[in-house]
Each structure stands twice: as structure tokens, then as C-alpha cells.
Amino acid sequence: MIVLSGIQPTGRFHWGNYFGAIRQYVELQNQADAAYYFIANLHALTTVEDAELLRRYTLDAATDLLALGINPDRATLFVQSDVPEVTQLCWLLMTRTPMGLLERCHAYKDKKAKGLPADAGLFTYPVLMAADILAYDADTVPVGEDQVQHIEVCRDLAGSFNHLYGEVFVLPKAKIMEHAAKVPGTDGEKMSKSYNNTIGVFDEPASVRKAVMRIKTDSRPVSEPKDPESDPLYQLYSLFVDEKRREEMAALYRRGGFGYGEVKKALADAAVEYFAEAYEYRKELEKTPRKVREILEDGAAMARKRAGEVLHRAQAACGIRY
């Protein structure tokens, strides 16, 4: 099993990023024959226009991933733009990509439907994503349900190329992250930077507690029993604790006679405790940014070796290598 996934450096990671994806990356690196995880700074160019900010976000993303458990001895961690073979492969795929296929992709369609401007980067985003996957012969791509369409596009492009030129690419399969949590934000909606409702994984403990206290709750009286499963506050608490503590909190909800402030305090305590080790490790990594860069450089060298082999195969197949 060769696993590949990328994550965009569009800001510091929040609880939704961790429980929705990063936690699964850590688990999969120990199950796969090879795991490639990259920081998708080329994709981020469609949203981040400040060059210095993108550089900082990229290094922050690498530092965060290492602190959260990505192990360079088990996984290849690198920056997308450090592997130019991928953009070369992207062009080969682009020449065989029907316009209609890209016009049906949801990210482009959604922007167009809202009357928002969409650039060529967003339009061709699925082709670059396909190149990201195919460049490493990845057969397993962990994604959320909203990304399955992009894996289908990748399979379509690889299949068409193979049909025309022979068996060049491995056809990947989407691995739906079944244990990926749908993490509610401070407003009860899905946690997302777009909604400005996030709590950062590496926020200072005092900031975490302050953010948790701002989480919106309903106005039911203290004495009234409540359904834990339908409450965003309980859903968040459940992410950080074991089954015993989860059941104890659920029983408190069903019994009633408590205030949401009590749950918020328990949630903040649990979250700070959960990330405490990673928080301290990140502080150590911050003191040695050169170490982080060296890990990324080593990862890029390994990634380029594999991507170079795949690119040469594709170039020879379509006639531009002789």
C-alpha cells in the first residue's frame, strides 16, 4: 500500500484539520509500505496571495505535522513545489483532459454558481491534484467525502492516458476516512477558516479556554435534560476523551441539572491535556527551524526520485523522451 495525501498551508491547523485528516495520516504511516505527505503550496496559490505569508504558512505546516506525529522515518514529508516533476507531469495530463470534465468539478462549479471570479488555477486544480497522486504510484489516497470527485477525475485521466499509451500509471483508490470526525466550530457549523469559527491546535492554553467559552449554546434551562449526541459542545468533548469520560458526560446531559459552562471548562481542560505533548514538542522544533527544513529537503529528494521515474515513464510513452 502506497499512501499519499497533501494539505494546504493556508493558515495554522485547527481542531477540524487534526481530527478530520492529520490524525488519520499518523495512523496510516504505520500501516503503509510507503507514505507520502506533502504541503500543497502550489494549490495554496489559488487563495494565498502574500508571498511572505505563504512561506511562513508552509514552514508552520511542516512544523505542526512533525509535532503532531508525522515521523520522517515512516513517511516522506515534503513541500509540493520542491518536486518540479509533478508540474511537468501535470502538463502531460492537461493535454489529454477534456474541458467538460473540469467544468463539472464542484470547486469550480460552486464558485461560478455564486458569481465569484474563478481563475485558471482553480479550474485546472483537479489536474494538478491528479499529477500529485500519479507521480508516486500511489494506490491509496485518504480523503473526505468532498474530495472523492477529484480521485475519480484522477482515475479518469490516468485511465485515458493508459488506454492511449499503455500501462503507465497506477490507478489510485480513494480511502474514505471513516474515522475522520466532522468537527463543529465555535458557531455550531463545520469548523473552517472560511467561517472564522476555528480553534487552533497550537493556540496558547489561555486562548483555547477563551475560545471554548465563546462556543454558542442553546438557551434551555439548567434543570432540563439534554440529548448529548445533538449538542456540538458534547461532540467536541467526545473527540478528546476516552469512552469512560465520554459516557460520564453523556449521563450528565441526560440527567440535566448542569450548566453549559461546566461542560466548556471540561472541554477546555481535555483539549489542553490532549495536545500538551505535541505543544511542547512544537516549541522544541521552533528552536531548530533548520532541522525542519532538512527534513523537508530530505523528503523532497526521496519524492523526486520516485516522481522522476514516473515522469520518465510517461514522457517515453507519449513520445517526448527519446
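Structural data are supplied above this passage.
No experiment lies behind these values; they were computed from the predicted model shown.

Undergrad: Explanation requested: the environment of Tyr279 in the structure shown.
TA: For Tyr279, the position within the fold is in helix H13 (residues 276-286). You can call Tyr279 buried: its relative accessible area is 14%. For the pair Tyr279 and Tyr253, spaced 26 residues apart in the sequence, the C-alpha separation amounts to 31 Å. Apart from residues lying up to four places away in sequence, Tyr279 is in contact with Phe202, Asp203, Glu204 and Pro205.

Undergrad: Help me understand the nonpolar core in this model?
TA: A general tendency of soluble globular proteins is for nonpolar side chains to be buried together. If you look at the biggest cluster of nonpolar residues, it comprises 60 residues, and the most contacted ones within it are Trp15, Tyr37, Phe240 and Leu267. Per-element accounting of this core gives the leading share, 8 residues, to helix H1 (residues 15-29). Setting aside its immediate chain neighbours within four residues, Phe240 contacts Trp15, Phe19, Leu267, Ala270, Ala271, Tyr274 and Phe275. Val83, Leu101, Leu134 and Ala300 belong to the second-largest nonpolar core, a separate cluster that totals 44 residues.

Undergrad: Which parts of the structure should I look at to understand the state of the cysteines?
TA: In protein structure, a disulfide is the covalent linkage between the sulfur atoms of two cysteines. Here the structure, examined in full by the defined rule, presents 0 disulfides. We note that Cys90 lacks a disulfide partner, and the nearest cysteine sulfur, in Cys154, lies 11 Å from it. Owing to a relative accessible area of 9%, Cys90 belongs among the buried residues under this scheme. Between Cys105, a cysteine without a disulfide, and Cys154, which holds the nearest cysteine sulfur, the sulfur-to-sulfur distance is 12 Å. Among the residues examined, Cys105 registers a relative accessible area of 2% and is labelled buried.

Calculation notes
- Residues numbered from 1 in each chain as written.
- Predicted model: local features only at pLDDT ≥ 70, side-chain atom pairs only at ≥ 80, totals over all residues.
- Heavy atoms only, no water.
- Helix = DSSP H or I, 4+ residues; strand = E, 2+ residues; numbered from the N terminus.
- Buried < 20%, exposed > 50% of the residue type's maximum accessible area, 1.4 Å probe, protein only.
- Contact = heavy atoms within 4.5 Å.
- Core = buried A, V, L, I, M, F, W, Y, C linked by side-chain atoms within 4.5 Å.
- Disulfide = S-S within 2.5 Å.

Note that every value here comes from positions in space, so none of it alone points to a role or purpose.
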